[in-house]
Amino acid sequence: MQQDKHPDYHEVVFRDRAAGYAFLTRSTASSDQTIEWDDGKTYPVVDVEISSESHPFYTGKARTVDTEGRIAQFERRYGGGAG
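Residues numbered from 1 in each chain as written. Predicted model: local features only at pLDDT ≥ 70, side-chain atom pairs only at ≥ 80, totals over all residues. Heavy atoms only, no water.

*Asks:* Help me understand the overall build of the protein chain, please; the structure alone is not making it clear to me.
*Replies:* When helices and strands are tallied, the protein chain shows two helices and four strands. Taken from N to C terminus, the helices and strands of the protein chain fall in the order β-β-β-β-α-α. Across the 83 residues of the protein chain, 14% fall into the buried class. In the protein chain, the proportion of contacts linking residues at least 24 apart, taken out of those at least 6 apart, comes to 33%. (Helix = DSSP H or I, 4+ residues; strand = E, 2+ residues; numbered from the N terminus. Buried < 20%, exposed > 50% of the residue type's maximum accessible area, 1.4 Å probe, protein only. Contact = heavy atoms within 4.5 Å.)

*Asks:* What is the right way to look at the packing of aromatic side chains in this model?
*Replies:* How two aromatic rings sit relative to each other is set out by the distance from centre to centre and by the angle between their planes. Under the criterion given, the structure shown has three aromatic pairs. Ring centres 5.8 Å apart and planes at 25° place the aromatic pair F14 and F23 in the stacked group. Relative to Y78, the ring of F74 lies with its centre 5.0 Å away and its plane at 50°, an arrangement referred to as tilted. Remark: Y78 and F74 occur in helix α2 (residues 67-78); sequence separation between them is four residues, near one turn of the helix. With respect to class, F74 is no different from Y78; both count as exposed. Through successive ring pairs, a cluster of aromatic residues spans F14, Y21 and F23. (Phe/Tyr/Trp six-rings, centres within 6.5 Å; stacked < 30°, edge-to-face > 60°.)

*Asks:* Where do I start with the sheet that holds strand β4 (residues 42-48) in this structure?
*Replies:* What links the strands of a sheet is backbone hydrogen bonding, and the strands pair in either a parallel or an antiparallel sense. The four strands are arranged β2-β1-β4-β3 in an open sheet whose pairing can be described as mixed. Unpaired on one side and paired on the other, β2 (21-27) and β3 (34-36) mark the two borders of the sheet. Taking each pair of neighbouring strands and ignoring which way they run, the sheet shows an average axis angle of 45°. Bridge analysis of β3 against β4 gives three bridges, and the strand direction is antiparallel. By the bridge assignment, T34 is partnered in β4 with P44. (Pairing = 2+ DSSP bridges. Axes fitted to C-alpha atoms, helices over the stretch in contact; angles between N-to-C directions.)

Dropping the structure here:
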């Protein structure tokens, strides 16, 4: 079996800066920044822009698209439809 074929897979903390949420998981991602976790150990931390704690789809704050209003606006602007 070949040695050193797989990337380094270790424990990493991912931190969502927008929501103030962090979670510990295993990943091949690395970082120069570290954080002390609840268990007292120090782990590399990777800052992410968005996670399930701040994404509108998962938080239930997703915008709904008003398709009926858009169709009516289109018909007013470009004519009354087919015919």
